[in-house]
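Residues per chain are reported as follows:
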Amino acid sequence: TALQSVTRQQNFGTASNLIGKMITGKVSSSTGQEQTLQGVVTGVRFESNGSVILELDTGDALPLEGVVHVSDVQKPATTSNGTSGTSTSDTTSNTSGTADSLSNQNQESQPQA
């Protein structure tokens with residue numbers, strides 16, 4: 001029906017927007033116990049019955065209706081040479097050292113008056 005089509009389109013948009021996001025959700029195991037799953041959404045699968053399944057970087061799969069929390073993935077800081085790191089003090093000292101070096105080169109290459 002038209003209502004089912006609209007619902008599927010909404011679920012598609014919602015689920016697709018979660019790719020790359022950190023999610024936490026609850027799912028019932030085969031024994032009936034509730035499990036909490038957490039991971040970054042890497043893909044979305046649509047089942048023939050209309051269920052939307054989120055595929056996580058952990059290898060787990062979580063139904064969309066089980067999601068209880070969504071957040072951005074925290075990325076590590078990147079230094080000026082492109083390597084990852086968590087400290088910005090190294091980047092600052094490297095940058096200021098480069099600036100001092102460039103300043104000295106400019107002073108040496110300028111003609112004397």
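Residues numbered from 1 in each chain as written. Predicted model: local features only at pLDDT ≥ 70, side-chain atom pairs only at ≥ 80, totals over all residues. Heavy atoms only, no water.

1. Some remarks on the overall build of the protein chain
Under the convention used in this document: Secondary structure elements follow DSSP: runs of H or I of four or more residues count as helices, runs of E of two or more count as strands, with numbering from the N terminus. Note on exposure labels: buried denotes an accessible area under 20% of the residue type's maximum, exposed denotes more than 50%, and partly exposed covers the range between, all computed with a 1.4 Å probe on protein chains only. Any two residues having at least one pair of non-hydrogen atoms within 4.5 Å are treated as being in contact. Using the Shrake-Rupley algorithm and a 1.4 Å probe, accessible areas are obtained, with residue cover drawn only from the displayed protein chains.
Looking only at helices and strands, the protein chain features two helices and seven strands. Sequence-ordered secondary structure for the protein chain, helices as α and strands as β, is α-β-β-β-β-β-β-β-α. The 113 residues of the protein chain split such that 19% are buried. Across the protein chain, contacts joining residues at least 24 apart in sequence account for 38% of those joining residues at least 6 apart. Accessible surface computed for the protein chain: about 8,200 Å², of which carbon and sulfur atoms make up 48%.

2. Observations regarding the sheet that holds strand β4 (residues 61-63)
Note the cut-off: By the convention used here, strands pair only if DSSP detects at least 2 bridges between them. To obtain an axis, a line is fitted to C-alpha atoms, over the contacting stretch when the element is a helix, and the angle between two such axes runs from 0 to 180 degrees between their N-to-C directions.
With respect to topology, five strands assemble into an open sheet ordered β4-β3-β2-β1-β5, the strand pairing being antiparallel. Edge positions in the sheet fall to β4 and β5 (67-71), since each of these pairs with one other strand and no more. Adjacent strand axes in the sheet meet at a mean angle of 45°, parallel and antiparallel pairs treated alike. Note: strand β1 (residues 22-28) against β5, four bridges, orientation antiparallel. Counterpart to glycine 25 in the pairing with β5 is valine 67.

3. Looking at the pairing of strand β3 (residues 52-56)
With four of five residues buried, β3 is to be regarded as a mostly interior element. Bridge analysis of strand β2 (residues 34-46) against β3 gives five bridges, and the strand direction is antiparallel. Directly across from arginine 45, in β3, lies its bridge partner isoleucine 53. Counted along the chain from β3 to the antiparallel partner β4, the turn is four residues long, and its residue glycine 59 has a positive phi close to 95°.

4. Things to note about the pairing of β2
Examined bridge by bridge, β1 and β2 share seven bridges and lie antiparallel to one another. Of the residues in β2, the one forming a bridge with valine 27 is glutamine 35. A loop of five residues connects β1 with β2, the two strands running antiparallel in sequence, and glycine 32 in this loop sits at a positive phi of about 90°. Where β2 hands over to β3, the hairpin turn is made up of five residues, of which glycine 50 adopts a positive phi near 95°.

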